[in-house]
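Secondary and tertiary structure notes
Below, each chain spelled out in residue letters.
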Amino acid sequence: MHETSSPPAKAEEVREALIVLLEQDDHVRRLVLDIVASLTPSADSAPEPEAPAAVVPDLPQACAPDPLREQLGVPLALLETLRADEELSAAWLHEGENEGQQLTRLLATAAQWESLLELWDLLAERCKSQARPGNAAELHILEGCLAIHNLIWRDRQAQLCCAEVGAEYDYRLHQRTTLRGDIITAQWLPGLANAGGERQRLPLAAAE
C-alpha cells in the first residue's frame with residue numbers, strides 16, 4: 001500500500017522541483033521574474049505625497065465704530081489737550097481716574113462759570129509772566145470749556161470778548177499788558193462775558 005506524503009514533505013518536494021526548473025528552464029525563470037516585477041510597486045506608480053493644507057492666518061477682526069465715542073469726539077479732544085497741560089491737568093483732573101471718569105469730571109467742572117473765570121485768570125497770568133499771547137492749546141481749552149458751560153443755557157450764551165487790533169485802548173473794554181499804550185497792537189487772550197452779557201474778564205491786549 002502506497003503511503004501519502006505529509007504536507008511538509010510535499011512542500012519540500014515542490015520547492016526542490018521549482019529550483020530545478022528555475023535553473024534549467026528559461027521560460028519558467030522569465031515567468032517568475034515577471035510575477036515578481038508585477039508585485040513590486042514602481043517609483044512611477046508610487047502615490048504622490050499630499051500637499052500640506054494651506055494655513056490661513058487669523059486676521060484681527062475690525063472693530064465696529066463706536067457711535068457714542070464719535071459723538072463725544074469734541075469733548076474727548078478737549079480732554080486730550082487738557083491732559084497735555086501739566087498745570088491744568090493737576091488742577092482739573094484726578095490722577096488714577098480712567099478716561100470716562102476724567103471726561104465726566106471735565107464736563108462737570110467746565111459747566112461752572114466760576115471755573116471758567118479761574119481758568120481765564122490762570123491763562124492770563126501765564127501770558128503776562130511769559131510776555132506772550134495765549135497759544136493754540138490754551139485757546140482751545142478756553143473755547144472748549146466755554147462751549148461746555150453754554151450747554152446749561154437755552155436762550156442765552158456766555159461769550160468771548162475780543163480786542164480789535166488798531167482800536168484805541170479803553171480801560172472799560174481792554175486789559176493792557178503794559179502800563180502805557182494808546183493803540184491795541186495784539187490780542188493776547190480774549191475776555192469773558194457771562195450769559196447775561198456782563199464782561200467779567202476783559203480781553204488781554206498789547207498796546208503802544
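Remember, predicted model here, so these are calculated numbers, not experimental data.

1. Some details on the packing of helix α7 (residues 113-130) against helix α8 (residues 136-149)
Any two packed helices are characterised by how steeply their axes cross, that is the angle between the axes, and by the distance between the axes. Their axes nearest at 10 Å, the elements α7 and α8 cross at an angle of 170 degrees. One finds that α7 runs roughly antiparallel with respect to α8. Taken together, the residues of α8 that come into contact with α7 (itself represented by Trp113, Leu116, Leu119, Trp120, Leu123 and Arg126) are Glu138, Ile141, Leu142, Cys145, Leu146 and His149. For the contact of α7 with α8, the per-class residue count stands at 9 nonpolar, 1 polar and 2 charged.

2. Some remarks on the packing of aromatic side chains
The final tally for this structure, using the stated rule, is 0 aromatic pairs. For arginine 172, the ring lying beneath its charged end belongs to tyrosine 171, and the centroid distance is 5.9 Å. Directly above the ring of tyrosine 169 sits arginine 176, whose terminal nitrogen or CZ lies 4.0 Å from the centroid.

3. Quick word on the pattern of salt bridges
One pass over the structure, following the stated rule, counts 9 salt bridges. Note that glutamate 80 is salt-bridged to arginine 83, the shortest N-O span being 3.3 Å. Of this pair, glutamate 80 and arginine 83 both sit in helix α4 (residues 73-84), 3 residues apart, which is roughly one turn of the helix. In this structure glutamate 80 comes out as partly exposed when scored by relative accessible area, which is 46%. Residue classification places arginine 83 among the partly exposed positions, given a relative accessible area of 31%. For the salt bridge of arginine 105 with glutamate 97, the shortest nitrogen-to-oxygen distance reads 2.6 Å. Three or more residues are tied together by salt bridges with common partners; here these are Asp85, Glu87, Arg126, Arg132 and Glu138.

What counts and how
Residues numbered from 1 in each chain as written. Predicted model: local features only at pLDDT ≥ 70, side-chain atom pairs only at ≥ 80, totals over all residues. Heavy atoms only, no water. Axes fitted to C-alpha atoms, helices over the stretch in contact; angles between N-to-C directions. Helix = DSSP H or I, 4+ residues; strand = E, 2+ residues; numbered from the N terminus. Parallel < 35°, antiparallel > 145°, perpendicular 65-115°, else oblique. Contact = heavy atoms within 4.5 Å. Nonpolar A, V, L, I, M, F, W, Y, C, P; charged D, E, K, R; others polar. Phe/Tyr/Trp six-rings, centres within 6.5 Å; stacked < 30°, edge-to-face > 60°. Lys NZ or Arg CZ within 6 Å of the ring centre and 35° of its normal. Salt bridge = Lys/Arg side-chain N within 4 Å of Asp/Glu carboxyl O. Buried < 20%, exposed > 50% of the residue type's maximum accessible area, 1.4 Å probe, protein only.

These values are about where atoms sit, not about what they do.
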